[in-house]
Amino acid sequence: MLYRYVPVALLGLLLPGQLLAQNKPQTCPYDSAHFDLFHPVPRNRLRPLRPDRPGVTESPFTVDAGHFQLEVDALRLINSRDDEQQERTWKAAYSVFKLGLSRRTDVQLEVPLYKVEKQRTAEQPNWQSQRGFGDMTLRVKHNFLGDDQDGPVAMAVVAYGRLPTGRHSGNGAIEGGLILPVNIELPHKFNLDLQVEGDMNFDYETRQHYAQVLPSVALDHEFSDVFSFLVEGVGQWDALRRRWGASINVAPIFTLTDNLQLDLGTHLALNRRTDREFFLGLTFRR
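Described below are features of the structure shown in this document. Quick caveat, the model's predicted, so the values are computed rather than measured. (Residues numbered from 1 in each chain as written. Predicted model: local features only at pLDDT ≥ 70, side-chain atom pairs only at ≥ 80, totals over all residues. Heavy atoms only, no water.)

Focus on the overall build of the chain
Part 1: Secondary structure assignment for the chain yields one helix and 13 strands.
Part 2: Going residue by residue from the N terminus, the α and β elements of the chain occur as α-β-β-β-β-β-β-β-β-β-β-β-β-β.
Part 3: Here the contacts in the chain between residues at least 6 apart in sequence split such that 52% fall between residues at least 24 apart.
Part 4: Of the accessible surface of the chain, which amounts to about 16,500 Å², a share of 61% is contributed by carbon and sulfur atoms. (Helix = DSSP H or I, 4+ residues; strand = E, 2+ residues; numbered from the N terminus. Contact = heavy atoms within 4.5 Å. Areas by Shrake-Rupley, 256 points an atom, 1.4 Å probe, with all protein chains shown as cover.)

In structure tokens, the structure reads:
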């Protein structure tokens, strides 16, 4: 008579396993293979393009392992003014070269190819100008949450050091800082980005380093697969001059292919202590 209960017992043993298999979350491609600089992620498994530009608030997502990404400020105009001096800066072909090292880490090199700075005081009718190659910056980004975009929140940390490679167009000393970007995916194709940046900058005139803090928040909306729009608020505390600056930044973004993005925009100063900026740039991934 015991043989009648064998099918029931087998069903009781197999059913929980089947339910667990059905409820098990889908694995990410990274879970089934180990990719690195010398074993690149296959191109059909690349994550969506998520560059740091165009806003001040950067992306917590890294470049896929073994792949290269270029982000370029093709042209940027910066106007600044205070009670004593007016400055105007042109930047051309400011390029950031990125290389994915591993699943969550990439290394970046910022190369400021050409910069023109003009200055004059209230008493001077003519501009004094300097031009040339700027200060190069080495950056490392490490994501510690959500790099695979398998959840609504992603976080990373960016550490950077700036080298005094620009003779006449640089700050003249080593600078550095830390950046903490956070991305929150919202419903209806909205994205909220938060960031806190702490810098140790160098003032050429006083020959001393000083701290700077930049909190920022950005909201972007994907209207279509091609067009999205970014609105951003940025604050800036300058410990040398002990003052706050603030701006509202807007930028339309055009995603032409899975690996090519164009953007342009402006930083609208909310007070006289904040720079006004206009820019045009692009991102390319290989």
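Now that the structure has been shown, the text picks up again.
Here we look at the environment of Trp244
Part 1: Within the fold, Trp244 resides in strand S11 (residues 243-257).
Part 2: Sequence-wise, Trp244 and Thr274 are 30 residues apart; in three dimensions their C-alpha atoms are separated by 8.4 Å.
Part 3: What Trp244 contacts, discounting residues up to four positions off in sequence, is Pro215, Gly235, Gln236, Trp237, Asn271 and Arg273.

Observations concerning the pairing of strand S8 (residues 190-203)
The two faces of the sheet receive side chains in turn, since in a regular strand these alternate between them.
Part 1: As judged from the 11 bridges shared by strand S7 (residues 175-186) and S8, these two strands associate in the antiparallel manner. The residue of S8 that forms the bridge with Gly177 is Asp199.
Part 2: Linking two consecutive strands that pair antiparallel, namely S7 and S8, is a turn of three residues; a positive phi of about 60 degrees is found at His188 within it.
Part 3: Pairing of S8 with strand S9 (residues 208-222), which is carried by 14 bridges, proceeds in the antiparallel orientation. Across the sheet, residue Phe202 finds its bridge partner in S9, namely His209.
Part 4: Hairpin remark: S8 followed by S9, antiparallel, with four residues in the connecting loop; positive phi at Arg207, about 60 degrees. (Pairing = 2+ DSSP bridges.)

Considerations on the pattern of salt bridges
Part 1: Within this structure, the stated rule accounts for 18 salt bridges.
Part 2: Across the pair Arg47 and Asp148 runs a salt bridge whose closest N-O atoms are separated by 3.9 Å. On the criterion of sequence distance, the pair formed by Arg47 in the loop between helix H1 (6-23) and strand S1 (68-81) and Asp148 in the loop between strand S5 (137-145) and strand S6 (153-162) is long-range, its members being 101 residues apart. You'll find Arg47 and Asp148 in the same group, each marked buried.
Part 3: Its salt-bridge partner being Lys115, residue Glu117 comes within 3.5 Å of it at the nearest N-O pair.
Part 4: Residue classification places Glu117 among the buried positions, given a relative accessible area of 18%.
Part 5: Its relative accessible area of 12% is what places Lys115 among the buried residues.
Part 6: What you see here is one network of salt bridges that share partners, running through Arg47, Asp64, Arg103, Asp147, Asp148 and Arg285. (Salt bridge = Lys/Arg side-chain N within 4 Å of Asp/Glu carboxyl O. Buried < 20%, exposed > 50% of the residue type's maximum accessible area, 1.4 Å probe, protein only.)

Points about a nonpolar patch on the surface
Part 1: A contiguous nonpolar patch, built from Phe68, Phe97, Leu99, Leu101, Leu109, Leu138 and Phe284 and spanning about 530 Å² of accessible area, is present on the exposed surface.
Part 2: Tracing the backbone through its elements, the reader meets Phe97 in strand S2 (residues 85-100).
Part 3: Owing to a relative accessible area of 34%, Phe97 belongs among the partly exposed residues under this scheme. (Patch = residues over 30% accessible without salt bridge, like charges linked within 9 Å, V, L, I, M, F, W, Y side chains within 5 Å.)

What about the packing of aromatic side chains?
Part 1: Applying the stated criterion across every chain yields a total of four aromatic pairs.
Part 2: Measuring from centroid to centroid gives 5.6 Å for Phe227 and Phe254, while their planes differ by 45 degrees, and the two rings are tilted. Of this pair, Phe227 sits in strand S10 (residues 227-238) while Phe254 sits in strand S11, placing them 27 residues apart in sequence.
Part 3: Overall, Phe227 belongs to the partly exposed group, its relative accessible area being 27%.
Part 4: Ring pairs connect the aromatic residues Phe223, Phe227 and Phe254, which therefore count as one cluster. (Phe/Tyr/Trp six-rings, centres within 6.5 Å; stacked < 30°, edge-to-face > 60°.)

Considering the side chain of Thr89
Part 1: Position of Thr89 among the secondary structure elements: in strand S2.
Part 2: Judged by its relative accessible area of 9%, Thr89 is buried.
Part 3: Not counting residues within four places of it along the chain, the set of residues in contact with Thr89 comprises Arg76, Leu77, Ile78, Lys115, Val116 and Glu117.

Examining the environment of Glu205
Part 1: Structurally, Glu205 is set in the loop between S8 and S9.
Part 2: Taking the C-alpha atoms as reference, Glu205 lies 9.6 Å from Asn171; in sequence the two are 34 residues apart.

Details of the pairing of S1
Part 1: Most of S1 is tucked away, with 10 of its 14 residues classed as buried.
Part 2: As judged from the 13 bridges shared by S1 and S2, these two strands associate in the antiparallel manner. By the bridge assignment, Phe68 is partnered in S2 with Leu99.
Part 3: Sheet topology note: the S1/strand S13 (residues 276-285) ladder contains 10 bridges and is antiparallel. Paired with Asp73 across the strands is Gly281, a residue of S13.

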